[in-house]
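Summary of the model geometry
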Amino acid sequence: MNYIDLIIFFVFTGGIVLLGASFYSRKATADDFTSAGRSLPGWVVGMSIFSTYVSSISYLGYPGKAYDSNWNAFVFSLSIPIASWVAARWFVPFYRKQTSVSAYSFLEERFGLWARWYASACYLLTQVARIGTIVYLLALPMNLLLGWDIRWVIILTSLAIIAYSMLGGVKGVIWADAIQGFIMIGGALVCLFILLFSHPEGPVESLRMAWEADKFSLGSFSLTTLGESTFWVCLVYGIFTNLQNYGIDQNYVQRYHAAKSDREARFSALFGGYLFIPVSAVFFLIGTALWSYYQASLPFREGMGVGLKGDQMFPYFIVNVLPTGLTGLLVASIFAAGMSTVSTSITSGATIVLSDFYRRLGGKSELFVLRLSSAVIGALGILISLALVNVDSILDSWWKLSSIFSGGMLGLFLLGFLSRKARNIDAAIGVVCGFLVIAWISLGNSGIHEYLAIVFGTIAIFLVGFLLTKWLHR
């Protein structure tokens with residue numbers, strides 16, 4: 001990697017770390033750390049939501065998926081307008097009226113403490129898995145660029161992100177996210193332009209090759225196939241996952257609280273969600289153009305690219321093709337994508353530890369607990385990241401992990417939100433049934449695709465709880 005690229009990379013990433021840490025204040029309170037005093041404009045919060053959603057899972061996982069197969073995973077993005085509209089219409093006003101910044105205090109009000117702790121535990125597991133997945137993808141380009149051991153890159157990168165998350169709190173994280181969002185979009189657009197025009201026969205031929213190879217396919221439209229990632233399986237998975245994200249994910253709920261007004265909060269939900277659709281299309285187009293580019297490269301086909309996985313193709317292109325200066329910019333944009341999401345997961349996870357667990361002990365030093373929790377959650381994410389070093393598709397791994405760890409939380413929330421008569425016992429039995437359904441599908445012997453674990457788990461919890469309400473309390 002050229003010294004110019006290194007300078008650009010370290011200036012960008014070092015600047016983000018300093019920006020996030022600059023919001024540190026000795027006079028800060030726990031509420032400042034968790035909700036930024038409800039003082040932030042909607043576009044900043046919306047850009048933060050977008051940046052959190054993108055992450056390096058999108059930046060490297062989406063191109064890798066498009067390179068290996070087609071645009072089937074893009075169907076997931078098409079479900080976001082539904083979830084963001086529902087959030088702006090119902091979820092945002094609902095959470096803005098809550099006194100607690102925790103997304104799960106409502107569950108305690110409806111079903112008791114066990115429901116809040118169940119959802120909180122599921123959330124923390126999901127965030128640790130998310131941190132591990134993203135940090136691994138952050139380490140890939142540095143491993144290829146500098147030859148550094150990927151495990152050391154994972155550890156050092158995580159420590160830098162943990163540091164500014166602990167110091168700046170949610171305000172520092174959100175402002176850093178907003179800046180990182182612009183870096184991400186700019187880097188992706190520049191790379192796509194270079195990719196298309198670097199094809200030996202031009203951009204039109206690049207797209208023609210991909211079209212004839214069915215690389216733009218959105219998947220099978222079969223309505224009866226549940227064991228494969230068809231268009232409908234991916235769409236339904238996306239709807240349920242995004243409703244869970246916007247409806248009960250602490251990452252998003254915390255941002256609703258950080259906006260300075262209800263109107264700004266609703267705008268942030270719509271802005272962040274809708275912006276993700278065209279940007280994710282750019283990532284998939286990058287993967288498709290990468291496939292065409294290397295199909296036209298005889299030396300690559302004859303040995304240079306042997307052994308590389310789809311997730312490694314974009315970093316490989318950045319290292320070997322991009323001109324000096326742009327390499328540093330692209331690596332910085334990949335880091336920006338990952339850092340924004342990891343810092344968000346760390347801060348929101350620490351908020352849940354404080355609000356849903358520690359405050360019940362009546363302890364003091366809440367700010368210290370927030371920072372200590374941030375460090376512990378980040379450390380657990382490092383362990384997950386080290387365990388993912390040899391996986392084939394990071395996007396598939398993340399979607400499967402999130403389906404398992406999320407535990408059908410959306411079903412429990414919808415039961416409490418939509419059924420006012422549902423009681424503690426109804427919800428508890430529903431959760432047990434939902435957990436069994438998720439475990440059955442996740443084991444892989446059900447004939448149902450793992451993506452649908454969250455779908456059937458959510459439905460099971462809601463239906464069982466709702467029907468028990470009708471039968472037991474008539």
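Rules and cut-offs
Residues numbered from 1 in each chain as written. Predicted model: local features only at pLDDT ≥ 70, side-chain atom pairs only at ≥ 80, totals over all residues. Heavy atoms only, no water. Helix = DSSP H or I, 4+ residues; strand = E, 2+ residues; numbered from the N terminus. Rg over C-alpha atoms; globule rule 2.2 N^0.38 Å. Buried < 20%, exposed > 50% of the residue type's maximum accessible area, 1.4 Å probe, protein only. Contact = heavy atoms within 4.5 Å. Areas by Shrake-Rupley, 256 points an atom, 1.4 Å probe, with all protein chains shown as cover. Core = buried A, V, L, I, M, F, W, Y, C linked by side-chain atoms within 4.5 Å. Phe/Tyr/Trp six-rings, centres within 6.5 Å; stacked < 30°, edge-to-face > 60°. Polar contact = N/O pair within 3.5 Å; in protein donor to acceptor, adjacent residues only side chain to side chain. Axes fitted to C-alpha atoms, helices over the stretch in contact; angles between N-to-C directions. Parallel < 35°, antiparallel > 145°, perpendicular 65-115°, else oblique. Left-handed = near helix turned anticlockwise from the far one by under 90°. Nonpolar A, V, L, I, M, F, W, Y, C, P; charged D, E, K, R; others polar.

**Overview of the overall build of the protein chain**
- Scanning the protein chain from terminus to terminus reveals 20 helices and 0 strands.
- Against the 2.2 N^0.38 benchmark of 23 Å for 474 residues, the protein chain shows a C-alpha radius of gyration of 22 Å, consistent with a compact globule.
- Projected onto the principal axes, the alpha-carbon positions of the protein chain cover approximately 70 × 60 × 40 Å.
- For the protein chain, the residues scored as buried account for 60% of the 474 residues in total.
- In the protein chain, of all internal contacts separated by at least 6 residues, the share reaching a separation of at least 24 is 85%.
- Of the roughly 18,300 Å² that the protein chain leaves accessible, carbon and sulfur atoms contribute 66%.

**A short note on the nonpolar core**
- Core analysis: the largest hydrophobic core is formed by 137 residues, its most contacted members being Tyr 246 and Tyr 256.
- Ranked by residue count, the leading element in this core is helix H8 (residues 150-198), at 18 residues.
- Residues contacting Tyr 246, with those up to four places away along its chain left out, are Ile 49, Tyr 53, Ile 80, Ala 83, Ser 84, Ala 87, Phe 91, Tyr 252, Tyr 256, Ala 269, Gly 272 and Gly 273.
- One finds Ala 350, Leu 367, Val 369 and Leu 370 within the second-largest nonpolar core, a separate group that totals 7 residues.

**Looking at the packing of aromatic side chains**
- One pass over the structure, following the stated rule, counts 33 aromatic pairs.
- Pairing Phe 76 with Tyr 237 gives two aromatic rings, centres 5.7 Å apart and planes at 40°, and the pair type is tilted. Here the residue Phe 76 occupies a position in helix H4 (residues 75-78), and Tyr 237 occupies one in helix H10 (residues 231-248), the gap between them amounting to 161 residues.
- For the pair Phe 462 and Phe 466, a centre-to-centre distance of 5.9 Å together with 10° between the ring planes defines the contact as stacked. On the criterion of helical spacing, the pair formed by Phe 462 and Phe 466 is a turn pair, its members being 4 residues apart in helix H20 (residues 453-472).
- A residue is classified by how much of its surface remains accessible, and Phe 462, at 22% relative accessible area, is partly exposed.
- With relative accessibility at 29%, the residue Phe 466 sits in the partly exposed group.
- The rings of Tyr 62, Trp 71, Phe 74, Trp 211, Phe 216, Phe 276 and Phe 284 are connected pair by pair, giving a single aromatic cluster.

**A look at the side chain of Ser 268**
- Tracing the chain through its elements places Ser 268 in helix H12 (residues 262-295).
- Among the polar contacts made by the side chain of Ser 268, one reaches the main-chain carbonyl oxygen of Ala 265 at a distance of 2.6 Å.
- Among residues more than four places away in sequence, those in contact with Ser 268 are Gly 42, Val 45, Gly 46 and Ile 49.

**Regarding the packing of H10 against helix H18 (residues 409-418)**
- In the contact formed by H10 and H18, the axes pass within 9 Å of each other and the chain directions differ by 60°. By the angle between their directions, the pair H10 and H18 is classed as oblique. H18 is crossed by H10, and the crossing has left-handed handedness. Contact with H10, carried on its side by Phe 240, Leu 243, Gln 244, Gly 247 and Ile 248, involves Met 409, Leu 410 and Phe 413 of H18 and no other residues of that element.
- Residues belonging to the contact of H10 with H18 are distributed by class as follows: 6 nonpolar, 2 polar and no charged.

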